[in-house]
Each structure stands twice: as structure tokens, then as C-alpha cells.
Amino acid sequence: MIHMFSQGGVNVVMDVNSGSVHVVDQLVYRVLDYYPNTSKEEILAALQAEYSLDMLLEAIDEIDTLISEGLLFREERYSEHEGFKNKKPVVKALCLHVSHDCNIRCKYCFASQGDFKGQRSLMSAEVGKKAIDFLIEHSGNRRNLELDFFGGEPLMNFEVVKEVVNYGRMREKEANKNIRFTMTTNAVLLNEENMNYINENMHNVVLSIDGREEVNDNMRYTVNGQGTYDIILPKLKRMVELRNHQNYYVRGTFTRHNLDFSKDVLHLADEGFSNVSVEPVVASPEHDYAIRQEDLPTVFEHYEMLAEEYVKRIKDKKGFNFFHFMIDLNQGPCVIKRIVGCGAGAEYLAITPEGELYPCHQFVGNADFLLGNVMDNSLDNRIYNEFSKAHVYNKEKCTKCWAKFYCSGGCHANAYNFNKDINVPYEIGCEMEKKRIECALLIQAKLAEV
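A brief look at the structure comes next. Residues take numbers from 1 onward in each chain, read along the sequence in its written order. Local features in this predicted model are restricted to residues whose pLDDT is 70 or higher, and side-chain atom pairs enter the listing and the counts only when it is 80 or higher, whereas totals over whole chains, interfaces and linings include all residues. Hydrogens and waters are ignored; side-chain quantities use all the structure's heavy atoms.

## A few points about the overall build of the chain
Where we set the bar: Helix and strand definitions here come from DSSP, where helices need a minimum of 4 consecutive H or I residues and strands a minimum of 2 consecutive E residues; each element is numbered from the N-terminal end. Computation of the radius of gyration draws on C-alpha atoms, with the globule rule given as 2.2 Å multiplied by the number of residues to the power 0.38. Only protein chains enter the accessibility calculation, which uses a 1.4 Å probe; a residue whose area is less than 20% of its type maximum is buried, one above 50% is exposed, and one in between is partly exposed. Contacts between residues were defined by any pair of non-hydrogen atoms, one from each residue, lying within 4.5 Å. Per-residue accessibility takes into account occlusion by the displayed protein chains alone, with areas from the Shrake-Rupley method and a 1.4 Å probe.
Helices and strands together make up the secondary structure of the chain, namely 17 helices and 17 strands. Here the chain has a C-alpha radius of gyration of 24 Å; the compact-globule value for 450 residues is 22 Å, and the two agree. Taking the principal axes of the C-alpha coordinates as reference, the chain spans close to 75 × 50 × 40 Å. Looking at the chain as a whole, 53% of its 450 residues are labelled buried. Intrachain contacts of the chain at a sequence separation of at least 6 include 69% that bridge at least 24 residues. Carbon together with sulfur atoms contributes 46% to the accessible area of the chain, which is approximately 20,300 Å² in total.

Dropping the structure here:
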């Protein structure tokens, strides 16, 4: 299987199964329209009015060489990889909900503005420590583990965060593990003291802001209805400065109210943030901010505009990282990652303040997906196994999709929320993901010209 597209005056051909990406001229691009099921004679007859015989034969020879080298129309091989066939899922990451409460109110919040449709509550240190024990016990032979402090707003329960980190540092030595702690915060409660602690103890930090002031404040505001932009921007800049501009992301959400989100990405870059992620909102159609099918042409236009500016800034030595444009064509994700994605429900689990286990933070509160509880070390293997099998080879739409080894089947929560089936991907999300991948490949092609 191959995927071909033209954008920004560049013809790109991607071989799905080998991962090879080729920039080709218009002749090769036209000839490939006839592959792999058309004979050489038929191709020559079809295109002889447009190109000379020598040019056509040269193009066909070039394509056939790439095929013989396994760089085009390569047979699928990942499903037979020993790492996949013998894969035994282990828990490698936890999303620790230390706070089911929040000090701001976001219109699009999937967590029902912090309480996850339940009682506002804070995790105890006891539950947090049990989570560390659970992670270590269920991690098998995997040494490197991850734990993200999440909410709500985790800084509302900062003392427990510190207790859990201290306990984790003790337990990792005993168990010969390495736990990387991260935190996701809306930044309102950041101060010099907790910033210094976070920078000393957190491997990565995600800082929430949506972009331009009017965009951010339309969706993210305080309990009293005030915008958060002026409150958080200086704190975000200070945090990034203290981290020496490393190991962080400013992370925003764009909605139907700002389909021109490329301006928000560039605004954040212009404010000095070198690591930016701005994601499309995922919301049911009745919300006025939900992205709809008819919005996709505008969304695609802004991804393309952003890609062009992204290349320009890199060439001008003013580059920044945009999460969705970062593709490594030399190494890339491992085979397992390409097939199973984030591993939600199997390798990655979320834990509530009460110690309940869910496949990820977006399933929290849905009793149908309650996996167990760290307090009694229980784990529902039926649900766990269902999620461990939710990979691209078990998703019918994914098996036919050229992007499957980049998106790895998409988000299970989005699939369930829109289709009530974790194996049926969210279509609008798929279309945006494919456009982002095309833009990322185009960027790589254009930067290779430098």
C-alpha cells in the first residue's frame, strides 16, 4: 500500500509498510497512478501522448528499483514481528488524578470542569502510595515507568504530590525501577516554590493555554468568570525559563470558535514558547464549539498554512516544535507503538482519588469501564484484555488506512464516545490526523532540500 499527495508544489509518496517517504517529480507521480496492477505496455500506451518513451521507461525503471529494494509496495510485516506476536501487556504508565477539583472553569472540559461528574475530591497520600505499589507490581520486567499528576488541577493537592514523589523515589530503588514523574497544570497556582520543586522532580510538564488572549479567555476562565490569560502567561514564561526551555509543552485546544488556530500556535511561538501543542476539541455535535465535518476544509487550510510557516521559521533559524508535526523518519516509534498506540486500558491506566482504575482519564466516571482499585490491588482482566487487543489489526477501518502506523488506531475514548465501540475510530479525528501527517511529511521533504 502506498499513499500519494501533492501539497505546496511537492509530490510526496509514502510506502505504508516500509515507512519510506519519497519526493518525486510529476512524471513518476503520474506513472505511479497505474501501479501495481497495470503492465508496462499499458502504462506506456496510456501516457505516450504526454511523455517521451525514454522518459517513461526511465520512470518505470526507477519505480521498479524501489519496489525491488522494498521501498515501495512492500508487503506488510509488522503483524509477524516477534515483539508483537509475543507481546504481553504490562502497566508502564499511570495518570494519577490527585485532584477531582479545579480552580478554573473551561467550557470544553471533558472532566465536567474538574469533578468528572462526581463529587469534588482530593486524593489521599495513602491512595497515591498504593498507586506506586500497583505500578511497580504490574510493570513486569519493564524498568522505565511513568506517572503523570493530573486533575482537575493537581496543584490543589500539592502536598500529596510531594509525598507520592518521595515514596516513589524510595520504592523505585527497592524495585530497581526508574519512575519519570510529569505534571499537567493550568498554571494558575504556580509560584516560585512549587515551580522549583516541579523543575527538580518532574521529567516533563504540560502547561495549559489556548493561544491568543481572546481565544483563551473565551474558553478558559476563573470560577468568577474572569479570563485566565493575564494570570497565567507570566507564570508560564517563568516556568519555561526555569526549565531552560526544555522538557515542557504549552498545550492548547482549538474549537469551532477559532478554526484559524494556526494564529494561536504562532502566537504562542512568538511569546517565546519553543514546544507547542494545540489540539482539536473533541465534543459532541450539540455543543456550539464542536468541530463538524463542514469545518474540515478550514482546519486543513490552517494546517497547511502552519506547515509553510513552520518550514520558513526553521530556515530562518526561528524554529519551534509543534507536536503534531514531529515525525522521525529515521527511527520513529517502535513496532509495538505503531500498532497499539498509547496503550490506554492496558499499558496506561488512570486512577481516581478513591483509587479506582480506568482505561484512561477520559473514561473516568463511566462505570462500564471500571477496571479495579489500587486499594485492594484488583484488576478486571476482561476489560484489560479487551483494550490490549484494540490495535490497528483488529480495527476494520484501520486495516485499510494508509495512516495506521502513524496514528496507531486513534484514541479509544474518542472512538467509544462517538461510536460506542473502541474499535471504530472517530471519523473527524481520523481526517484531521491524516492531514497533520501529510503536513509533517511535507515539512520533512522541504527541510531535506536545505
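## Notes on the packing of helix H11 (residues 296-315) against helix H17 (residues 427-448)
Stated formally: Comment: axis = line fitted to C-alpha atoms, over the contacting stretch for helices; angle = value between 0 and 180 degrees taken between N-to-C directions. Orientation categories follow fixed angle ranges, with anything under 35 degrees roughly parallel, anything over 145 roughly antiparallel, 65 to 115 roughly perpendicular, and all other angles oblique. In this scheme the handedness of a crossing depends on how the near helix is turned from the far one: anticlockwise by less than a right angle means left-handed, clockwise means right-handed. Polar here means any residue outside two lists: the nonpolar Ala, Val, Leu, Ile, Met, Phe, Trp, Tyr, Cys and Pro, and the charged Asp, Glu, Lys and Arg; Gly therefore counts as polar.
For the pair H11 and H17, interaxial distance at closest approach is 10 Å and the crossing angle is 25 degrees. Classified by the interaxial angle, the pair formed by H11 and H17 is roughly parallel. For the crossing formed where H11 meets H17, the hand is right-handed. Residues Leu296, Val299, Phe300, Tyr303, Glu304, Ala307, Glu308, Tyr310, Val311, Ile314 and Lys315 of H11 touch H17, and the partners they reach there are Ile428, Glu431, Met432, Lys435, Arg436, Cys439, Leu442, Ile443, Lys446 and Leu447. Looking at the contact of H11 with H17 residue by residue, the classes come out as 14 nonpolar, no polar and seven charged.

## Some words on the packing of aromatic side chains
Where we set the bar: Centres within 6.5 Å make a pair out of two Phe, Tyr or Trp rings, where for Trp the six-membered ring is used; the pair is then stacked when the planes are under 30 degrees apart, edge-to-face when over 60, and tilted otherwise.
Scanning the entire structure with this criterion turns up 15 aromatic pairs. Centre to centre, the rings of phenylalanine 363 and tyrosine 416 are 6.1 Å apart; their planes meet at 50 degrees, and the pair counts as tilted. Linking phenylalanine 363 in the loop between strand S16 (356-358) and strand S17 (372-373) with tyrosine 416 in helix H16 (residues 412-419), this pair joins segments that are 53 residues apart in sequence. For the pair formed by phenylalanine 363 and tyrosine 416, the shared burial category is buried. The rings of Phe254, Phe261, Tyr303, Tyr310, Phe320, Phe322 and Phe325 are connected pair by pair, giving a single aromatic cluster.

By themselves, these figures tell us nothing about what the structure is for.
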